[in-house]
Amino acid sequence: MKKINIAIDGPSAAGKSTVSKRVAAALGYVHLDTGAMYRSTACKALRCGIALDDEQAVCEMLKNTEIVLTPDGKVLLDGEDVTSAIREDAVSMAASNVSKHPQVRSDLVARQQKMAEDKGFVMDGRDIGTVVLKDAELKIYLTASVEARAQRRYDQNARAGLELQPLETIMKEIAERDYQDMHREVSPLRKADDAIEIDSSNMTIEEEVDQILKLAESRMEG
Ligand code: DC
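This write-up is about the structure you can find in this document. Note that the structure is predicted; figures quoted are calculated from it, not measured. (Residues numbered from 1 in each chain as written. Predicted model: local features only at pLDDT ≥ 70, side-chain atom pairs only at ≥ 80, totals over all residues. Heavy atoms only, no water.)

### A look at the side chain of Lys16
Link 1 in the chain: Inspection of the secondary structure assignment puts Lys16 in helix α1 (residues 16-27).
Link 2 in the chain: For the buried Lys16, no salt bridge is present, and the opposite-charge side chain at shortest range is Asp124, 5.0 Å distant.
Link 3 in the chain: Within the structure, Lys16 has its side chain in polar contact with the backbone oxygen of Gly10 (distance 3.2 Å). (Helix = DSSP H or I, 4+ residues; strand = E, 2+ residues; numbered from the N terminus. Buried < 20%, exposed > 50% of the residue type's maximum accessible area, 1.4 Å probe, protein only. Lys, Arg positive; Asp, Glu negative; His and termini not counted. Salt bridge = Lys/Arg side-chain N within 4 Å of Asp/Glu carboxyl O. Polar contact = N/O pair within 3.5 Å; in protein donor to acceptor, adjacent residues only side chain to side chain.)

What follows is the structure in structure tokens.
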């Protein structure tokens, strides 16, 4: 069977990372979570006191920034393990803010394309099927209702021992981030024309993974 690349896009908290991780493990592929790169950028800008809307300053900062996604799922920012720190709610909105800048996007997109030069990658984000891996053999647009996504984020935060916000607050934050990610000028979140949409509101993770693996197998044969 030939090796392929799989692009998984969709709104916040749709379960892209979890599903991508499992699909990659099942196929022996490498998972790349591109959201973690925007989050790391935002995290460093916040720590350095750089205004998130100052595109030039964020770009200058990125020139001296190393972001490593390790094979075992860790995120290293200039050598520091920030895997948990970048999941804080404050970083989520900040990541969406820095992701609006065209120059920030082109820097990170170039890094992502270099990371996935060969086949055998499962990459998740917002613009993977439309920009980063336009020639991916399988493109999935993974979505779910705002309510389902907020509940998942709440459960995820609880499991990770992060500070818990009320469900309504999380729903509001997700809706706000959806709007911002879908309406920005550069590479807004949208379903690629050749992507297959999966609404996971009423599906288990196992069902989502199974469906994607079946699709992947058919593309690997084809
Ligand atoms: O997938 P995530 O929630 O960890 O992503 C954090 C933010 O980064 C998200 O609000 C939008 C941005 N992002 C992006 O613009 N393009 C990507 N490929 C991945 C994430």
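### Points about the packing of helix α2 (residues 35-48) against helix α5 (residues 102-115)
The angle between the axes and the distance between the axes are what describe a pair of packed helices.
Link 1 in the chain: With their axes 11 Å apart at the nearest point, α2 and α5 run at an angle of 135 degrees to one another. With respect to α5, the axis of α2 lies oblique. Taken as a pair, α2 and α5 cross one another with a handedness that is right-handed. Residues Met37, Tyr38 and Thr41 of α2 touch α5, and the partners they reach there are Val104, Arg105, Leu108, Val109, Arg111, Gln112 and Met115.
Link 2 in the chain: Of the residues in the contact of α2 with α5, the class split is 6 nonpolar, 2 polar and 2 charged. (Axes fitted to C-alpha atoms, helices over the stretch in contact; angles between N-to-C directions. Parallel < 35°, antiparallel > 145°, perpendicular 65-115°, else oblique. Left-handed = near helix turned anticlockwise from the far one by under 90°. Contact = heavy atoms within 4.5 Å. Nonpolar A, V, L, I, M, F, W, Y, C, P; charged D, E, K, R; others polar.)

### Considerations on α5
Link 1 in the chain: The terminal C-alpha atoms of α5, which comprises 14 residues, lie 20 Å apart, in line with the 20 Å expected from a rise of 1.5 Å per residue.
Link 2 in the chain: Within α5, burial applies to Val104, Arg105, Leu108, Val109 and Gln112. Around the axis of α5, the buried residues are gathered within 120 degrees of arc, so they sit on the same side.
Link 3 in the chain: In this fold, the buried residues of α5 make contact with α2, α3 (55-63), β3 (67-69), α4 (89-98), β6 (121-125) and α6 (128-132). (Expected span 1.5 Å × (residues − 1). Arc of directions from axis to C-beta.)

### Observations regarding the site of the ligand
Link 1 in the chain: Neighbouring the ligand are 16 residues, the closest being Arg39, Arg105, Arg126, Asp127 and Arg177.
Link 2 in the chain: A distance of 3.0 Å separates a nitrogen atom of the ligand from a polar side-chain atom of Thr34.
Link 3 in the chain: One of the side-chain nitrogen or oxygen atoms of Arg126 is found 2.8 Å away from an oxygen atom of the ligand.
Link 4 in the chain: Relative to its unbound accessible surface of 450 Å², the ligand loses 97% to contact with the protein.
Link 5 in the chain: Listing elements by their share of the shell around the ligand, those giving two or more residues are α2, α4 and α8 (167-183).
Link 6 in the chain: Looking at which element gives the most residues to the shell around the ligand, the answer is α2, with 3 residues.
Link 7 in the chain: Residues of the shell around the ligand, tallied by class, amount to 2 nonpolar, 5 polar and 9 charged. (Near = heavy atom within 4 Å. Areas by Shrake-Rupley, 256 points an atom, 1.4 Å probe, with all protein chains shown as cover.)

### Quick look at unusual backbone geometry
Link 1 in the chain: With phi around 50 degrees, Asp78 is a residue other than glycine that occupies positive phi space.
Link 2 in the chain: Following the sequence through the fold, Asp78 ends up in the loop between β4 (75-77) and β5 (80-81).
Link 3 in the chain: Positioned with a positive phi, Ser187 is a non-glycine residue whose angle comes to about 40 degrees.
Link 4 in the chain: In this structure, Ser187 sits in the loop between α8 and β8 (196-199).

### Describing the nonpolar core
Link 1 in the chain: If you look at the biggest cluster of nonpolar residues, it comprises 33 residues, and the most contacted ones within it are Ile86, Leu108, Met123 and Leu133.
Link 2 in the chain: When contributions to this core are tallied by element, the ones reaching two or more residues are α2, α3, β3, β4, α4, α5, β6 and α6.
Link 3 in the chain: Ranked by the residues each element gives to this core, the list is headed by α2, at 6 residues.
Link 4 in the chain: Among residues more than four places away in sequence, those in contact with Leu108 are Met37, Tyr38, Thr41, Leu62 and Ile67.
Link 5 in the chain: Listed in part, the 19 residues of the second largest apolar core include Ala24, Leu213, Ala216 and Met220. (Core = buried A, V, L, I, M, F, W, Y, C linked by side-chain atoms within 4.5 Å.)

### Quick word on the sheet that holds β5
Link 1 in the chain: Taken in spatial order, the 3 strands line up as β3-β4-β5 in an open sheet, and their pairing is antiparallel. The strands lining the two open edges of the sheet, one partner per strand, are β3 and β5.
Link 2 in the chain: Here β3 runs beside β4; their pairing, made up of 3 bridges, is antiparallel. Across the sheet, residue Leu69 finds its bridge partner in β4, namely Val75. (Pairing = 2+ DSSP bridges.)

### Looking at the sheet that holds strand β2 (residues 30-33)
Link 1 in the chain: Spatial strand order, β2-β6-β1-β7-β8: 5 strands in an open sheet with parallel pairing. Each edge of the sheet is formed by a strand with only one pairing partner; in this case those strands are β2 and β8. Within the sheet, the average angular offset between the axes of one strand and its neighbour, ignoring direction, is 20 degrees.
Link 2 in the chain: For β2 and β6, the ladder comprises 4 bridges, and the chain directions are parallel. Bridge assignment links Asp33 to a residue of β6, and that residue is Asp124.

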